[in-house]
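In case you want the letters, here they are:
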Amino acid sequence: MDKPLVVITGASSGIGAAAARALSGEGYPLLLTARRVDRLRELELPNCLCRQNDVADIEGFRQAVADAEAEYGPVDLLINNAGAMTLEQFRNQVPEDWKKLFDTNVVGLLNTTSVVFPGMLARKGGTILNIGSTSGYTHYPNHTVYGGTKHAIRGMTEGLRREAAPRGVRVMMISPGMVDTELLGGTRNQAIIDEYQSFKDYLGGGVAPDEVAKAILFAYQQRQEVAIWDMIIAPTGQRT
Ligand code: NDP
């Protein structure tokens with residue numbers, strides 16, 4: 001195998017699945033994780049280990065990485081893509097929702113990063129690529145908690161980047177605006193779903209996941225000495 005191992009969390013749909021197809025197309029061996037392992041297998045990618053993992057389960061993720069590294073060598077790229085979104089007015093949101101959002105989007109990212117980060121620092125190489133969001137830059141209606149997780153990711157990416165930079169390890173972020181995926185499926189409030197959907201329709205459906213995957217490839221395939229700190233990718237018609 002002449003290309004190094006790439007790990008993608010939340011690869012069972014949307015941006016993660018598109019990134020898996022794009023990186024596989026470039027010849028990278030993959031470890032793909034998500035809760036819906038059947039959807040990972042349906043991608044039918046070569047040199048690809050598919051593991052069921054909730055990012056809250058750090059030991060399960062550690063074992064999956066150990067198994068993949070035994071087959072394909074050290075992880076060179078971790079894409080922290082797994083994410084959940086439940087949109088709601090905060091006054092109507094229940095504690096289970098905000099715990100799940102932070103456990104997945106924030107604690108999950110810390111879990112998976114902590115498994116590969118020490119090895120990258122020791123090898124003085126590698127890349128962590130976090131999927132942020134424009135909601136980590138601004139505030140949208142009903143996004144108090146979800147947007148809070150993305151602000152947290154943006155802050156942590158910057159901290160990790162500064163910690164990793166002296167060792168030659170890249171920590172980068174890609175912050176999408178509206179992308180056409182299954183992400184809205186986590187929201188139960190029909191009025192909020194309708195509002196979001198009509199904004200999506202107004203934007204012509206959002207950026208395609210394959211376009212975000214192209215941005216991921218572009219960032220990763222720079223020389224190790226070049227780090228793209230953050231890239232915002234959104235439909236041209238999206239103003240904020
Ligand atoms: P999807 O819903 O299509 O994909 C989300 C992925 O995350 C799925 O593969 C899902 O897999 C996985 N996931 C969710 N919860 C967990 C968990 N607890 N453990 C492991 N995997 C989990 O949406 P997107 O592709 O849009 O989302 C990908 C990323 O992009 C997210 O971080 C999202 O916040 C971000 N993003 C999306 C935007 C958009 O407009 N769509 C805009 C900005 C950012 P499974 O259910 O099988 O576990």
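Refer to the structure presented above.
Residues numbered from 1 in each chain as written. Predicted model: local features only at pLDDT ≥ 70, side-chain atom pairs only at ≥ 80, totals over all residues. Heavy atoms only, no water.

(A) Structural detail: the site of the ligand. The local shell around the ligand holds 29 residues, among which Ser12, Ser13, Arg35, Tyr146 and Thr181 are the closest. Ile15 is positioned with one of its backbone polar atoms (N or O) 2.8 Å from an oxygen atom of the ligand. Leu183 is positioned with one of its backbone polar atoms (N or O) 3.4 Å from an oxygen atom of the ligand. Here the ligand loses 95% of its free accessible area of 880 Å² to cover by the protein chains. Sorting the residues of the shell around the ligand by element identifies helix 1 (14-25) and helix 5 (144-164) as the ones contributing at least two each. (Near = heavy atom within 4 Å. Polar contact = N/O pair within 3.5 Å; in protein donor to acceptor, adjacent residues only side chain to side chain. Areas by Shrake-Rupley, 256 points an atom, 1.4 Å probe, with all protein chains shown as cover. Helix = DSSP H or I, 4+ residues; strand = E, 2+ residues; numbered from the N terminus.)

(B) The arrangement of the environment of Arg188 in detail. Note that Arg188 resides in the loop between strand 6 (170-176) and helix 6 (190-202). For Arg188, a relative accessible area of 59% translates into the label exposed. C-alpha separation for the pair Arg188 and Thr86, spaced 102 residues apart in sequence, amounts to 7.5 Å. Each residue touching Arg188, except ones within four places of it in the same chain, is listed here: Thr86, Val94, Asp97 and Ile193. A distance of 2.6 Å separates polar atoms of two side chains, one belonging to Arg188 and the other to Asp97. (Buried < 20%, exposed > 50% of the residue type's maximum accessible area, 1.4 Å probe, protein only. Contact = heavy atoms within 4.5 Å.)

(C) Fine view of helix 6. Relative to the 18 Å expected for 13 residues at 1.5 Å per residue, helix 6 spans 18 Å between its end C-alpha atoms, a close match to the ideal helical length. You can read the cap of helix 6 off the contacts: a side-chain oxygen lies 3.0 Å from the backbone nitrogen of Ala191, and it is on Asn189. Of the residues one or two after helix 6, Gly204 is the one with positive phi, at around 80 degrees. (Expected span 1.5 Å × (residues − 1).)

(D) The state of the cysteines, seen in detail. Counted according to the given criterion, the structure contains zero disulfides. Of all cysteine sulfurs in the structure, the one in Cys50 sits closest to Cys48, which takes part in no disulfide; the separation is 3.9 Å. Taking relative accessible area as the criterion, Cys50 reaches 17% and is therefore assigned buried. (Disulfide = S-S within 2.5 Å.)

(E) Up close: the side chain of Ser24. As for its position among the elements, Ser24 is in helix 1. Setting aside residues no more than four positions away along its own chain, Ser24 makes contact with Leu30, Leu45 and Pro46.

(F) Broad picture of the nonpolar core. Core analysis: the largest hydrophobic core is formed by 35 residues, its most contacted members being Ile8, Leu23, Leu32 and Ile174. By residue number, the principal contributor to this core is helix 7 (residues 209-220), which donates six residues. Other than its neighbours up to four places away in sequence, Leu32 contacts Ile8, Ala11, Ala20, Leu40, Leu43, Leu45, Cys48, Leu49, Cys50 and Arg51. (Core = buried A, V, L, I, M, F, W, Y, C linked by side-chain atoms within 4.5 Å.)

(G) Fine view of the pattern of salt bridges. Throughout the structure, instances matching the rule amount to twelve salt bridges. Among the salt bridges present, the one from Arg39 reaches Glu182, with a minimum N-O distance of 2.6 Å. Of this pair, Arg39 sits in helix 2 (residues 37-41) while Glu182 sits in the loop between strand 6 and helix 6; the two residues are 143 residues apart in sequence, bridging distant segments of the chain. Taking the relative accessible area as the measure of exposure, Arg39 reaches 25% and is therefore partly exposed. Residue Arg62 pairs with Glu59 through a salt bridge whose shortest N-O separation is 3.0 Å. Here Arg62 and its partner Glu59 are both found in helix 3 (residues 58-72), three residues apart, which amounts to about one turn of the helix. Exposure remark for Arg62: the relative accessible area of 36% places this residue in the partly exposed category. (Salt bridge = Lys/Arg side-chain N within 4 Å of Asp/Glu carboxyl O.)

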